[in-house]
Amino acid sequence: MKRISIDRRGRRLRDALLAVASATGVVLAVVAAPAVGRAAAGPCTVGYTVNQWTGGFTAAVTLTDNGGAITAWTLTWSFGGNQQVTSAWNATVTQSGKSVSAASLSYNGALASGGSTSFGFQGTYSGANDTPADFALNGQLCNGGPTATPSATTPTSASASATVSASATASASASPSASPTPTSTGGACLSASVFCDDFESQTIAIPSGRWSVYEPNCSGTGTASVTSAQAHSGAKSLAAAGTAGYCNHVFVRDAGDMAAAAPTWYVRFWIRHDTALPTGHVTFLAMNDSAAGNTDLRLGGQNGALVWNRQSDDATLPVQSPAGVAQSVVLPTGAWECVEFSVNRTNGQIYTWYNGSAVPGLTEDGVSTPDVDSQWLSGTGASWRPNLTDLKLGWESYSGGNDDLWFDDVALSNSRIGCS
Ligand code: CA
């Protein structure tokens, strides 16, 4: 009798919910209750909730410490398929092959006995996207071991969307209070003759349309994706989680539009990053130069300031002397900055503007100036006439230097675009 009573209550609850749904037009997404509560929990309990769409997903992970108090945590697991983490929040998430490690940050590492915390990440996948079965906290298996896996709560209805949480910070190390600060570009894009892309039409984390992810060397932990964690305009931007190391070079690339802006390519973009440019050489923008053996013309940082680098002969603009570096600009962290440049195929000249002002140290005007373009124009450099065939935004770090970067309102034109 008791069981019948419970069944009736359950039926009443279900009927009441359906009535509410019917009255409000709300579609109920029924999710499976985690099985972890019924299993021997072990030293830790992990909840894993996925919101997925074709090609991408976000995962919300809750971690409960069932053992003694801890001051820092590392949660590890392995994916069963080809899932690839592209960004994370409230944890530093790294992936090697199928193995993933999420480490606590300074503000959420301490857990009392019985305490919980949560973090999340965004990723890509194809095929199956099953819940990992081997979560381990600081090396100890959670959820009673691999046979007591929680059920994934994976809505397959139309409610799954490409929109990631607005509170997500693509930077694993960014403050959890970081939030999008959308601003309008106004008419800034109207003067771009080829394109101006605010990334608002991108529907999944994997860049599409004119953009595709490009790993020039080998595939590592560096990632590039569309994110809603930061935006200069609207709600989306391109994110590059840049990591030092040859295999971590990664870009979002447009290989189809450069010809339309020749013979003088004007590029304008907003950039934001969270780590100061290092002493060593890094690149956040590269363009293939088919006139120089398909090597890259690179814009990035060296000695803490912006620098142009010609891959074919490693010439820099400005010369990396103290007097030269002083004529470039430092890219501050935590703010959107407007960078514009022009590269002329006919005479090889380069002009660069930072928030609307010309940067003397990033100017190659065809007349050799000590500490500025004297190295760039020396020898065969005087006859350098680039033919740029792609535009790549992302990260290459050659001697050390990690950074999280965002790009928005990227424009290509045959005349100057401006920042307004
Ligand atoms: Ca945008």
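Because the structure is a prediction, the values reported are computed rather than measured. (Residues numbered from 1 in each chain as written. Predicted model: local features only at pLDDT ≥ 70, side-chain atom pairs only at ≥ 80, totals over all residues. Heavy atoms only, no water.)

A. Region of interest: the overall build of the chain. If you tally the helices and strands in the chain, you get two helices and 24 strands. Across the chain, contacts joining residues at least 24 apart in sequence account for 71% of those joining residues at least 6 apart. As displayed, the chain offers around 17500 Å² of accessible surface, 54% of which is attributable to carbon and sulfur atoms. (Helix = DSSP H or I, 4+ residues; strand = E, 2+ residues; numbered from the N terminus. Contact = heavy atoms within 4.5 Å. Areas by Shrake-Rupley, 256 points an atom, 1.4 Å probe, with all protein chains shown as cover.)

B. Focus on the confidence of the model for the chain. Per-residue pLDDT for the chain has a mean of 80; in total, 79% of the residues score no lower than 70. In the model, residues 1–39 has pLDDT below 50 throughout and makes 17 contacts with residues more than four positions away in sequence or in other chains. (pLDDT = per-residue confidence, 0-100.)

C. Spatial organisation of the environment of Pro207. Inspection of the secondary structure puts Pro207 in the loop between β10 (195–197) and β11 (212–214). When its relative accessible area of 6% is taken as the criterion, Pro207 is described as buried. Between the C-alpha atoms of Pro207 and Ala224, which are 17 residues apart in sequence, the distance is 8.3 Å. Not counting residues up to four positions away in its chain, the partners in contact with Pro207 are Gln202, Ser212, Val213, Ala224, Ser225, Val226, Leu238 and Val252. (Buried < 20%, exposed > 50% of the residue type's maximum accessible area, 1.4 Å probe, protein only.)

D. Highlighting the coordination of the calcium ion. Protein-derived coordination of the calcium ion comes from Asp198 (O), Glu200 (OE), Ser233 (O), Ser233 (OG), Lys236 (O), Asp408 (OD) and Asp408 (OD), at a distance range of 2.3 to 3.2 Å. The sequence pattern describing where the donors of the calcium ion fall on their chain is D-x1-E-x32-S-x2-K-x171-D. With Lys236 in the loop between β12 (223–227) and β13 (237–242) and Asp408 in strand β24 (residues 403–413), this pair connects stretches of sequence that are 172 residues apart. Classification of Asp408 by relative accessible area gives buried; the value is 0%. (Donors = N, O, S within 2.8 Å, 3.2 Å for Na, K, Ca; no water.)

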